[in-house]
Amino acid sequence: MNTLLHSPDPYLSILKDAAKVSWQVEDVLGAGQSLDFTQPFLPESLTRTQMLTCLSPAEQLKLNQIRGNSYLHLFGLVEEFILPLVMDYVKTIGCQDIEATQAYLGFAEQESKHIHLFRQFAEAFASGFGSPCDCIGPAKAVADFVLRHSPLGVALVTLHIEWMTQHHFLECVQDRQGTIDPLFFKLLKYHWQEEAQHARLDALMVQSMAQALDTTAIATGIDDYLTIIQYLQAGLVNQVQLDLTSLEYAIHRQLTTTEREHIKTAQATSYHQTFLLSGMTHPRFVQTVQQISPTRYGRIAELTQMFS
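Below, the structure is looked at part by part. (Residues numbered from 1 in each chain as written. Predicted model: local features only at pLDDT ≥ 70, side-chain atom pairs only at ≥ 80, totals over all residues. Heavy atoms only, no water.)

1. A look at the pattern of salt bridges
In this structure the tally under the stated criterion is twelve salt bridges. The residue Lys113 makes a salt bridge to Glu194 at a minimum N-O spacing of 2.7 Å. Here the residue Lys113 occupies a position in helix H5 (residues 98-129), and Glu194 occupies one in helix H8 (residues 182-211), the gap between them amounting to 81 residues. On the basis of relative accessible area, Lys113 is assigned to the buried category, the value being 9%. Exposure remark for Glu194: the relative accessible area of 2% places this residue in the buried category. Residue Arg296 pairs with Asp223 through a salt bridge whose shortest N-O separation is 2.7 Å. With Arg296 in the loop between helix H11 (283-292) and helix H12 (297-307) and Asp223 in helix H9 (residues 215-251), this residue pair connects regions lying 73 residues apart in the sequence. Relative accessible area serves as the criterion here: at 26%, Arg296 is assigned to the partly exposed category. Of the residues examined, Asp223 reaches a relative accessible area of 22% and is grouped as partly exposed. (Salt bridge = Lys/Arg side-chain N within 4 Å of Asp/Glu carboxyl O. Helix = DSSP H or I, 4+ residues; strand = E, 2+ residues; numbered from the N terminus. Buried < 20%, exposed > 50% of the residue type's maximum accessible area, 1.4 Å probe, protein only.)

Below, the structure is given as structure tokens:
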């Protein structure tokens, strides 16, 4: 059983852990700090670029860096709907549980800081990469679509993203220090440190929301989660196409039809694994959904087969 909601002082514990992590955007992307475009930005497990034998090592590196740019853009995109979700949830707590209110206000403040950080990165990337790299959006259109759905559905998507973030850093990035750009590694590490608290807070949010809902409303929330995930999946497909165009600009050659199809297929699989499956199949996410609706989780399990 997930004991987060039933531990004596879950929010006090989170506040204490959050207090141990303190950084500002300038600590990561301050004056005199710059990206190293001679190195990859993301580990191979998150990009699958080295398997693309139709590209030279230099071209694979360019694609890796394009993926690094889109990786942070996508995080910035989703955090623009996570922020209003959390702010709206704080209003439902009020002063009834002041430690919970403090914790969620900290959550919101950190998410806004992350949005700022990712925008700063986008500027640094654009000034140093040397060619244009388009990304899906705009963020407001994505946020407007997502926030039209039930709070539980949006909270489940957020929980998916939070546990996905934990998996990415702990399983893919943490042991790769020295093999990727140091500044990009630092950015991922600092982001992960705060997201570790957000995952716990969002689990509490989902459990609390579910306790106030009947079976039908919970089913609606899970259905909304699935709708949003499929919407984001369509966005990832579009991002693959944008990455291919960005790659052609960066390597100064037009890919052949065969090369484009090979890269498109491989990169679509990589995006699905990185942004969809790693969240949908994370043990802590699965545990939470099975607790609030043991039968409805089956629909999520079915969808994972489409992305495998």
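2. What about the state of the cysteines?
Any covalent bond linking the sulfur atoms of two cysteines counts as a disulfide. All chains considered together, the criterion is met by zero disulfides. Not part of a disulfide, Cys133 finds its nearest cysteine sulfur in Cys135, a span of 7.1 Å. (Disulfide = S-S within 2.5 Å.)

3. Some thoughts on helix H6 (residues 139-147)
Residues spaced three or four apart along an α-helix point in a common direction, a consequence of the helix completing one turn every 3.6 residues. Inspection of H6 places Ala139, Val142, Ala143, Phe145 and Val146 among the buried residues, and these make up the whole buried set. Taken end-on, H6 shows its buried residues confined to a sector of 160°, consistent with a single buried face. Against helix H4 (57-93), helix H7 (151-173) and H9 lie the buried residues of H6. (Arc of directions from axis to C-beta. Contact = heavy atoms within 4.5 Å.)

4. Points about the nonpolar core
Counting residues in hydrophobic clusters, the biggest one holds 102 residues, and the most contacted among them are Phe81, Tyr104, Leu156, Leu188, Tyr225 and Ile300. Setting aside residues up to four positions removed in sequence, Leu156 forms contacts with Val206, Gly221, Ile222, Tyr225, Phe285, Val289 and Ile292. (Core = buried A, V, L, I, M, F, W, Y, C linked by side-chain atoms within 4.5 Å.)

5. Some remarks on the packing of helix H1 (residues 10-19) against H5
One way to put it is that H1 packs onto H5 with a least axis distance of 8 Å and a crossing angle of 40°. Compared by their axis directions, H1 and H5 come out oblique. Here H1 runs over H5; the crossing is left-handed. Listed contacts from H5 to Tyr11, Leu12 and Leu15 of H1 are Glu99, Ala100, Gln102, Ala103 and Tyr104. (Axes fitted to C-alpha atoms, helices over the stretch in contact; angles between N-to-C directions. Parallel < 35°, antiparallel > 145°, perpendicular 65-115°, else oblique. Left-handed = near helix turned anticlockwise from the far one by under 90°.)

6. As for the packing of aromatic side chains
Inspection of every chain in the model, using the stated rule, returns 21 aromatic pairs. Pairing Phe121 with Phe184 gives two aromatic rings, centres 5.5 Å apart and planes at 75°, and the pair type is edge-to-face. Pair noted here: Phe121 is in helix H5 and Phe184 is in helix H8, with a separation of 63 residues, a long-range link. Exposure class is identical for Phe121 and Phe184. Each is buried. (Phe/Tyr/Trp six-rings, centres within 6.5 Å; stacked < 30°, edge-to-face > 60°.)

7. Looking at the side chain of Thr274
Its place among the elements puts Thr274 in helix H10 (residues 257-280). Leaving out residues up to four positions away in the same chain, Thr274 has contacts with Leu46, Arg67, Tyr71, Met164 and His168.

8. Focus: the packing of H1 against H8
Relative placement of two packed helices is described by the angle separating their axes and the distance separating the axes. Relative orientation of the contacting elements H1 and H8 amounts to 165°, with a least axis distance of 10 Å. Accordingly, the angle class assigned to the pair H1 and H8 is roughly antiparallel. The two elements H1 and H8 cross, and the hand of that crossing is left-handed. Residues Pro10, Tyr11, Ser13, Ile14, Asp17 and Ala18 of H1 touch H8, and the partners they reach there are Gln197, Arg200, Leu201 and Leu204. Partitioned by chemical class, the residues of the contact of H1 with H8 number six nonpolar, two polar and two charged. (Nonpolar A, V, L, I, M, F, W, Y, C, P; charged D, E, K, R; others polar.)

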